[in-house]
Amino acid sequence: MAAGLLATPAAAASGSTKAGTAATSTLTKSRPAVSVSGTKASPSNSDECPTRVTFSSKIKVKAVSSKTKVAYRWLRGNGSKSKVKTFILKGKGVKSVTVRESSTFDGDIRGWQAVQVLSPRKATSGKGYFKVSCGGDTDGDKEVVNTDSVGARIWVDEGNCEATLVGRITSSSPRWVRYQWVVNGRVIDRDSAYVNDSRRVYHVIRPHDDFRGWAELEILGPVETTSNRAYFKIWCSDSTNVSASVDAPSPYQGDCPVTRTFTGTISISGGQGYVRYRWIRNGVAGGLESVYFGGHGYQSRTVTDSWTASASGSSTRAIRIEGGPTSGTVEGKVSCQSAPPVKAWIENASVKQTAATCPTASVTGTGSIYATGATKVSYVWTLNGSVVKTGELDFASSGSKSVSFTSASDGFKAGTAKLAIVGAGSQSVDYDAVCVKADA
């Protein structure tokens, strides 16, 4: 079953790292010595797309103080630089830290990355070179138009009421190349790309109705040339359209770690068979998965992807249909909070003296203790300074529990009873005499 056509590939997604702030510090009499190893790219040569390349380098610092702030950034072969990142080294002596950055490439590319340490001293690593080749270079008898320095060729993938124009720009040396897409003699899009040896560029035509014609890729600079002319036919009637969407979990605030679930919907307008797709997690493409459609007409399937967060932060998800479109990107957010401490207090306390056979009497006390959550509370009843009862209350959740005591007393005398929570507050209650002494 046709599962849609190639949508415009995502640009290389930088690994998800938070930007730091360039370190600035007052120079001491003896500044730390800094060295950095050559950058390694893994894999350094790949013929699969997309490919995730990880760059790593070891920064070594001979620290002269108990706390040393190191600032660095990544340099890239296309002239761009990452944001400045920082980390703290604790203790004196030689310390080493391996820094890494990952990027996912979904098109032919070759280049390099290196680490530049900015403080406490400047140092730059050797370059780590890499190459990604997506294959598919054999395009039948289609013509390739080249000049001495820049060339272009084009072919078309059609189906499911859309066509993807696929162009390859070649250059004898690394440079920025300006180009435009021409369909049936009309310019439909202009852009530029940094080309190091060769690079693929794409444009998707979605006409919604049957459409046919031809397309060319015109190079505008630094020299002018035009690709071969590729012809296409787009059929929209009775096509099987595949689409995907993703819903993010609602923002979460509470205890961590916590698992949140992204929900995706894959839909087709008709047909039967498997649709293959990938989750795009924080810009990085995951492994291929598939869902099966066995009915007729419009159908949809729900797929999920989990994210376990142990600290406050966010995570993004999208779904890319293999040979089809990519959904919009959504973001889930988690704010981790420590559970508030459980508190307990006395809600109320009362005491009453009751006569038996005067002067014999008894004193009865009752009280209520409230806790804000699961906890154990120890309490003490005292009568006129003497302990008459102790106990422990086990709260499984927030709520109130009652406590009471009964003790013999002298009915001729008034007194005071007190309910106390061990380690917390207390409440005292007075009671009156209930027996009357005979006149002497």
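Data block above holds the structure.
Quick summary incoming for the structure in this document. Keep in mind the model is a prediction, meaning the values are calculated, not measured.

## Quick look at the overall build of the chain
Point 1. For the chain, the helix and strand inventory stands at 0 helices and 36 strands.
Point 2. Split into buried and exposed, the 440 residues of the chain put 41% on the buried side.
Point 3. The contacts of the chain with a sequence gap of at least 6 include a subset with a gap of at least 24, amounting to 63%.

## Observations concerning the sheet that holds strand E35 (residues 415–421)
Point 1. Spatially, the 4 strands line up as an open sheet ordered E33-E32-E35-E36, and their pairing is antiparallel. The open sheet terminates on both sides in strands that have one partner only, identified here as strand E33 (386–395) and strand E36 (426–431). Going from strand to strand, the sheet's axes swing by 15 degrees on average, the running direction of each strand aside.
Point 2. As defined by bridge partners, E35 adjoins E36 across 6 bridges and the pair is classed as antiparallel. Considered in E36, the bridge of leucine 419 is made with glutamine 427.

## Here's the deal with the nonpolar core
Side chains of nonpolar character tend, in soluble globular proteins, to be buried together.
Point 1. Counting 21 residues, the largest nonpolar core has Leu165, Ile169 and Tyr179 as the members making the most contacts within it.
Point 2. Residue assignment for this core shows that the elements contributing at least two residues are strand E13 (150–159), strand E14 (162–171), strand E15 (175–183), strand E16 (186–195), strand E17 (198–205), strand E18 (211–221) and strand E20 (230–234).
Point 3. For leucine 165, the contacting residues outside a window of four places in its chain are Ile154, Trp155, Val156, Trp181, Val183, Val201, Tyr202, His203, Ile205 and Ala215.

## A closer look at the pattern of salt bridges
Point 1. For the coordinates displayed, the defined rule picks out 6 salt bridges.
Point 2. For the salt bridge of glutamate 101 with arginine 76, the shortest nitrogen-to-oxygen distance reads 3.2 Å. Residue glutamate 101 is found in strand E8 (residues 93–105), and its partner arginine 76 is found in strand E6 (residues 67–76); the two are separated by 25 residues along the sequence. Each member of the pair, glutamate 101 as well as arginine 76, is classed as buried.
Point 3. Measuring nitrogen to oxygen at the nearest pair gives 2.7 Å for the salt bridge that ties aspartate 305 to arginine 317.

## Remarks on the state of the cysteines
Two cysteines, two sulfur atoms, one covalent bond between them: this is a disulfide.
Point 1. Per the counting criterion, the structure on display carries 2 disulfides.
Point 2. There is a disulfide in this structure between cysteine 256 and cysteine 336, and the S-S distance comes to 1.9 Å. Where cysteine 256 bonds to cysteine 336 through sulfur, the torsion about that S-S bond is close to -85 degrees, and the disulfide is left-handed. Taken together, the positions of cysteine 256 in the loop between strand E22 (252–254) and strand E23 (258–268) and cysteine 336 in strand E29 (residues 330–336) put the pair 80 residues apart, joining distant regions of the chain.
Point 3. Its relative accessible area of 25% is what places cysteine 256 among the partly exposed residues.
Point 4. With a sulfur-sulfur separation of 1.9 Å, cysteine 358 is cross-linked through a disulfide to cysteine 435.

## Observations concerning the environment of valine 177
Point 1. As for its position among the elements, valine 177 is in strand E15.
Point 2. Here valine 177 falls in the buried class, since its relative accessible area comes to 0%.
Point 3. The spatial distance from the C-alpha of valine 177 to the C-alpha of serine 192 is 5.5 Å, given a sequence separation of 15 residues.
Point 4. Ignoring sequence-local partners within four residues, the contact set of valine 177 consists of Val150, Ile169, Asp191, Ser192, Ala193, Val195, Ile219, Gly221 and Pro222.

## So, the side chain of threonine 51
Point 1. Of note, threonine 51 is situated in strand E5 (residues 51–63).
Point 2. Within the structure, threonine 51 has its side chain in polar contact with the side chain of serine 46 (distance 2.8 Å).
Point 3. Once residues lying within four places of it in the same chain are set aside, the contact partners of threonine 51 are Pro43, Ser46, Ser103, Thr104, Phe105 and Val132.

## Describing the sheet that holds strand E34 (residues 399–410)
Point 1. One open sheet holds the 3 strands; their spatial order is E30-E31-E34, and the pairing between them is antiparallel. This sheet does not close on itself; its edge strands, each paired only once, are strand E30 (344–355) and E34. When the angles between neighbouring strand axes are averaged without regard to direction, this sheet yields 15 degrees.
Point 2. Bridging between strand E31 (residues 360–371) and E34 involves 12 bridges; their strand directions are antiparallel. Within E34, the position partnered with threonine 366 by the bridge is serine 404.

## Focus on the packing of aromatic side chains
Point 1. One pass over the full model with this rule turns up 9 aromatic pairs.
Point 2. When the ring of tryptophan 176 is compared with that of tyrosine 194, the centres are 5.4 Å apart and the planes differ by 70 degrees; the resulting orientation is edge-to-face. Placement of tryptophan 176 in strand E15 and of tyrosine 194 in strand E16 is noted, with a sequence separation of 18 residues between them.
Point 3. Residues phenylalanine 211 and phenylalanine 232 carry aromatic rings whose centres are separated by 5.7 Å and whose planes lie at 40 degrees to one another, so their mutual orientation is tilted. Taken together, the residues phenylalanine 211 in strand E18 and phenylalanine 232 in strand E20 connect sequence positions 21 residues apart.
Point 4. Its relative accessible area of 30% is what places phenylalanine 211 among the partly exposed residues.
Point 5. A relative accessible area of 3% places phenylalanine 232 in the buried class.

## Here we look at the side chain of serine 198
Point 1. With respect to the helices and strands, serine 198 occurs in strand E17.
Point 2. Of note is the side chain of serine 198, whose polar atom sits 3.4 Å from the side chain of arginine 168.
Point 3. Excluding its chain neighbours within four sequence positions, the residues that come into contact with serine 198 are Asp108, Arg168, Ile169 and Thr170.

## What about unusual backbone geometry?
Point 1. In this chain, serine 119 is followed by proline 120 through a cis amide linkage whose omega measures 15 degrees.
Point 2. If you trace the backbone, proline 120 turns up in the loop between strand E9 (109–119) and strand E10 (123–124).
Point 3. With omega at 10 degrees, the peptide bond leading from cysteine 358 into proline 359 counts as cis.
Point 4. With respect to the helices, strands and loops of the structure, proline 359 is situated in the loop between E30 and E31.
Point 5. A positive phi is found at asparagine 282, a non-glycine position, where the angle reads about 50 degrees.

Conventions and cut-offs
Residues numbered from 1 in each chain as written. Predicted model: local features only at pLDDT ≥ 70, side-chain atom pairs only at ≥ 80, totals over all residues. Heavy atoms only, no water. Helix = DSSP H or I, 4+ residues; strand = E, 2+ residues; numbered from the N terminus. Buried < 20%, exposed > 50% of the residue type's maximum accessible area, 1.4 Å probe, protein only. Contact = heavy atoms within 4.5 Å. Pairing = 2+ DSSP bridges. Axes fitted to C-alpha atoms, helices over the stretch in contact; angles between N-to-C directions. Core = buried A, V, L, I, M, F, W, Y, C linked by side-chain atoms within 4.5 Å. Salt bridge = Lys/Arg side-chain N within 4 Å of Asp/Glu carboxyl O. Disulfide = S-S within 2.5 Å. Polar contact = N/O pair within 3.5 Å; in protein donor to acceptor, adjacent residues only side chain to side chain. Phe/Tyr/Trp six-rings, centres within 6.5 Å; stacked < 30°, edge-to-face > 60°.

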